[in-house]
2 protein chains.
Amino acid sequence: MRQSELFTKTRKEAPSDEVAKNAKLLIRAGYIHKEMAGVYSYLPLGLLVMNKIIGVIREEMNAIGGQELHLTALQDPAVWRTSGRWSDEAVDNWFKTNVKVGGEVGLAFTHEEPLTRLMVSHIRSYKDLPRSIYQFQTKFRNETRAKSGILRGREFLMKDLYSFSRDEKEHEVFYQEAIAAYRKVFRRVGIGEQTYLTFASGGSFSKYSHEFQTVTDAGEDTIHLCTACSVAVNDEIIAAQSACPECGNKTLTERTSVEVGNIFPLGTKYSEAFGLSYLDEKGERQLVHMGSYGLGPGRLMGTIVELLADEKGLIWPESIAPFKMHLVSLAGARGGDVQKEAEKLYERFMKKGIETLFDDRDLSPGEKFADADLIGIPTRVVISEKTLAEGKLEVKDRKTGAIALCSESELLGR
Amino acid sequence: MRQSELFTKTRKEAPSDEVAKNAKLLIRAGYIHKEMAGVYSYLPLGLLVMNKIIGVIREEMNAIGGQELHLTALQDPAVWRTSGRWSDEAVDNWFKTNVKVGGEVGLAFTHEEPLTRLMVSHIRSYKDLPRSIYQFQTKFRNETRAKSGILRGREFLMKDLYSFSRDEKEHEVFYQEAIAAYRKVFRRVGIGEQTYLTFASGGSFSKYSHEFQTVTDAGEDTIHLCTACSVAVNDEIIAAQSACPECGNKTLTERTSVEVGNIFPLGTKYSEAFGLSYLDEKGERQLVHMGSYGLGPGRLMGTIVELLADEKGLIWPESIAPFKMHLVSLAGARGGDVQKEAEKLYERFMKKGIETLFDDRDLSPGEKFADADLIGIPTRVVISEKTLAEGKLEVKDRKTGAIALCSESELLGR
């Protein structure tokens, strides 16, 4: 894409009321727009990153057999009364609204209830199990605190998957597959090393649930790392048992972190409430065992910014960068050969299917370089009179800052 | 995909409170699920169709220079007060809700206001124009009537594009491109012939706006067709002038129709309210001219069902079908050679990238054929002992009902 056509502009300053690093940088670079506290729009660059993150998650959810659907934001109170979660005492972050023709509806903050009810029409026999169903859906949460940019919003996208199994044992098999799939997601988006499987309290159906916590100062959580086996426990668990649940190690290290995912055994809580059962091989009716698996693509994006960005701006891992290449022409108003060569190179990149942002704007080199650093595309390629004279391209790695002169074929060979 | 693994089941009966043909069939075939009146979830088959429709629209919007973003559902009242559309007197279908920390927010029924405000940060000079920006976004409308299935919902997906131009003339150029792009969309999804560019009232900035109306008895609108030049006028216009605006023909034919899209010149209404201006070549400040262009993928899907489905079930055009091929094995519980050949054929289709739903379930031929007709995939391919003996495949065209025996290479050659 030509940067002269991209409608967003970068800014020198973030809104003065914005405190989170992720929001400041993403707003300055033109990735997101703040509508209100905790409510952000995704501009073209932000949407590109979001869609790549969604793509990674979708591949991994499909790989473990997930089937994608799309539930609704508006929620029928009757469904939530069945599980006891309609009242504001039970759930403190509902948004509710009135329907003109009478009655109230809620805005979904999660989807266990409507999906469990839906599955009653589709699960009859043991042959219909196991199943795992997921969606990418906007959630609404009436948060009292919304100061963390896209790490915690009142409206945000969530991937939520729900598993339906015959029994505890079948559930556990899928649960472990989900853990492995989540690890793959975090690795693929570039935060695998900093992200820990973290033991959390399990509710009434299981000793533990699990969170995935990414170590960063921007976090609101505290975890306790076991360096011996690379897992962590959260604050709830540490209060009850001061040792690693995996190896018993008692020397745990306290760190600040962001919860980037969570997985939770639900047992038969919802299947009992909604009568979600199946007939087993003996013709006997059994309750379905469920699990829920959340992961917020927006929170993930914000966490990646918090972890990887530097003082000059964003730094995207190749897998989720809005473009792979930032081609910067220093032709300026002069045009001439530099402009011509830049145009030709851009055409060749396009033909080869290399996702390229082409800075064809009439701005000073300093302004262009500052924008490139702020926008954070992994590889910056500069064409100038100097590079033209040498018959090379100037290639900068945004992450390391290393600059090298190389030929087009050397560049594409990487 | 293996039908034995698809979690949805077809049903013989639609919910008794459902009156619309589109909803009845889509629910019976397992494409959608009714959460409440006017609120439908999209199940895997429905989501596949929806995503293909979105893909077609996205291609055509990109082709006219559209840049995609994603605005929010939650809306700041201040923005809507600026344009005078916050009050329930001005807009009668708001959903509004309270924020815990104080104040009210709305659920977006359209997005002129937030996008115009956003553009103030990004449009400065005539060099920044023209621009066209679009999104696929869930809209919420507090409708009093919601009996038309996915043709009119309280929550529904919408593609809304907004154009920003220097003046009336530049606006008109884009407006005509948008008309052409909309025509392409309707043609590509299979309802081009039944869909008419329809003159509607233009508001204060233009004599006309335009709707795209598809002729079907399921519609809530009435249009007046000019068979001479293949355009139509809506009820508002016919009241003011009883002739075709294109050719003056006074013999117009009244038809029932569904509005599948609308495009609207907004003039400077919103740019004036939000101070969206630019500096022209002379350094003088000018207001931006806007247009808005709506198209609901869900309504489009419902309209296609209303138009094309028959008494046996859905019929999808190839371009938006959830799968291209429905491979039906009649091996039954016997398994044997039929099962083996069906599995091999499925593998070959998968390798060739042919989107195939493989009915590998242990059901009677009658049940399988009824499901195939209901689900409506364009081509049904049957493997049975009979076809195996003849060394052929039985191929049925869902639309025409024509059945032919042909070889695999003949089938793939089509």
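Cut-off values and rules
- Residues numbered from 1 in each chain as written.
- Chains lettered and ligands numbered in written order.
- Predicted model: local features only at pLDDT ≥ 70, side-chain atom pairs only at ≥ 80, totals over all residues.
- Helix = DSSP H or I, 4+ residues; strand = E, 2+ residues; numbered from the N terminus.
- Buried ≥ 20, exposed ≤ 12 C-beta atoms within 10 Å, placed from the backbone.
- Contact = placed C-beta atoms within 7 Å.
- Pairing = 2+ DSSP bridges.
- Axes fitted to C-alpha atoms, helices over the stretch in contact; angles between N-to-C directions.
- Expected span 1.5 Å × (residues − 1).
- Least-squares fit on C-alpha atoms with pLDDT ≥ 70 in both.
- Parallel < 35°, antiparallel > 145°, perpendicular 65-115°, else oblique.
- Left-handed = near helix turned anticlockwise from the far one by under 90°.
- Nonpolar A, V, L, I, M, F, W, Y, C, P; charged D, E, K, R; others polar.
- pLDDT = per-residue confidence, 0-100.

Draft legend 1. How the structure looks around the overall build of chain A. Helix and strand content of chain A: 12 helices and 21 strands. Per-residue burial for chain A yields a buried fraction of 49% across its 414 residues. Within chain A, contacts between residues separated by at least 24 positions form 68% of all contacts whose residues are at least 6 apart in sequence.

Draft legend 2. Broad picture of the sheet that holds strand β18 (residues 356-359) of chain A. Residues and elements named next belong to chain A. In spatial order, the strands read β18-β17-β19-β20-β21; together these five strands make up an open sheet with mixed pairing. The sheet is open, and its two borders are formed by β18 and β21 (403-406), each paired with just one other strand. Neighbour-to-neighbour, the strand axes of the sheet open up by a mean angle of 25°, direction not taken into account. Two elements, strand β17 (residues 325-329) and β18, share four bridges in a ladder whose sense is parallel. Note on β18: the bridge partner recorded for L327 is F358. Strand contacts of helix α9 (residues 336-351): β17, β18 and β19 (379-383), with the helix running at about 165° to β17, the strand carrying the most contacts.

Draft legend 3. Region of the structure containing helix α2 (residues 44-63) of chain B. All names here are of chain B. The end-to-end C-alpha distance of α2, which contains 20 residues, comes to 28 Å, matching closely the 28 Å that a straight helix rising 1.5 Å per residue would cover. Within α2, the full set of buried residues consists of L45, G46, L47, L48, V49, M50, K52, I53, I57, E60 and M61. Following α2 by one or two positions, G65 has its phi on the positive side, about 90°.

Draft legend 4. Examining the pairing of strand β13 (residues 253-267) of chain A more closely. Residues and elements named next belong to chain A. In this sheet, β13 lies alongside strand β10 (residues 208-215) in antiparallel orientation, the contact comprising six bridges. In the sheet register, E211 faces β13, and the bridge partner there is N262. Pairing geometry for strand β11 (residues 221-226) and β13, over five bridges, is antiparallel. The residue of β13 that forms the bridge with H224 is E254.

Draft legend 5. Summary view of the pairing of strand β2 (residues 39-42) of chain B. Of the two faces of β2 of chain B, the one holding V39 and S41 of chain B and the one holding Y40 and Y42 of chain B are both buried throughout. As consecutive antiparallel partners, strand β1 (residues 32-36) of chain B and β2 of chain B are separated by two residues, and within that stretch G38 of chain B has a phi angle of approximately 75°, a positive value.

Draft legend 6. The relation of the copies chain A and chain B, seen in detail. With an axial shift of 0.0 Å and an RMSD of 0.0 Å, the rotation relating chain A to chain B amounts to 180°. Expressed as a symmetry operation, the mapping of one chain copy onto the other fits a two-fold axis. Across chain A, the rotation axis passes nearest the C-alpha of T97 of chain A, at a separation of 2.6 Å. Mapped onto chain B, 100% of the interface residues of chain A again fall at the interface, so both copies present the same surface.

Draft legend 7. Fine view of the packing of helix α2 (residues 44-63) of chain A against helix α8 (residues 297-308) of chain A. All names here are of chain A. The N-to-C vectors of α2 and α8 enclose an angle of 115°; their axes lie 10 Å apart at closest approach. Between α2 and α8, the angle is such that the two are roughly perpendicular. Considering only the axes of α2 and α8, their crossing is right-handed. Across the interface between the two elements, V49, M50, I53, I54 and I57 of α2 pack against P297, G298, L300 and M301 of α8. Here the residues of the contact of α2 with α8 sort into eight nonpolar, one polar and no charged.

Draft legend 8. Representation of the confidence of the model for chain A in the model. For chain A, mean pLDDT is 95; residues scoring 70 or higher make up 100% of the total. On the interface metric, ipTM, the complex scores 0.96, and its pTM is 0.97.

Draft legend 9. How the structure looks around the packing of helix α1 (residues 21-28) of chain B against helix α8 (residues 297-308) of chain B. Residue and element names in this part refer to chain B. Contact geometry of α1 with α8 gives a least axis separation of 9 Å together with a crossing angle of 95°. The angle between α1 and α8 falls in the class roughly perpendicular. Residues K21, N22, L25 and L26 of α1 pack against G302, V305 and E306 of α8. Split into classes, the residues belonging to the contact of α1 with α8 amount to three nonpolar, two polar and two charged.

Draft legend 10. Quick look at the environment of G30 of chain B. All names here are of chain B. As for its position among the elements, G30 is in the loop between α1 and β1. Taking C-alpha positions, G30 is 6.0 Å from K9, a pair spaced 21 residues apart along the chain. Ignoring sequence-local partners within four residues, the contact set of G30 consists of T8, K9, T10, L43 and L45.

Draft legend 11. Unusual backbone geometry, seen in detail. All names here are of chain A. The omega torsion across L129 and P130 is -5°, close enough to zero to call that bond cis. Mapped onto the elements of the fold, P130 is located in the loop between α4 (112-119) and β7 (131-140). Positive phi is not limited to glycine here, since S230 has a value of about 55°. Residue classification places S230 among the exposed positions, given that 12 C-beta atoms sit within 10 Å.

Draft legend 12. Fine view of the sheet that holds strand β19 (residues 379-383) of chain B. All names here are of chain B. Pairing within the open sheet is mixed, and its five strands lie in the order β18-β17-β19-β20-β21. Of all the strands in the sheet, just β18 (356-359) and β21 (403-406) have a single pairing partner and so form its edges. Strand-to-strand twist in this sheet, taken as the mean axis angle between neighbours without regard to direction, amounts to 25°. Packing against the sheet, helix α9 (residues 336-351) makes contact with β17 (325-329), β18 and β19, and its axis sits at approximately 165° to β17. Packed on one face of the sheet, helix α10 (residues 365-375) meets β17, β18 and β19 and runs near 175° to β17.

Draft legend 13. Representation of the environment of I223 of chain A in the model. Residue and element names in this part refer to chain A. With respect to the helices and strands, the residue I223 is situated in strand β11. Taking the C-beta count within 10 Å as the criterion, I223 has 29 such neighbours and is therefore assigned buried. Note: C-alpha distance between I223 and I238 (15 residues apart in sequence) is 8.7 Å. Residues contacting I223, with those up to four places away along its chain left out, are Y196, T198, Q213, A232, V233, N234, R255 and S257.

Draft legend 14. Region of interest: the environment of A37 of chain A. As for its placement among the helices and strands, A37 of chain A is situated in the loop between β1 (32-36) and β2 (39-42). In this structure, the C-alpha to C-alpha distance between A37 of chain A and R141 of chain A, residues 104 residues apart in sequence, is 12 Å.

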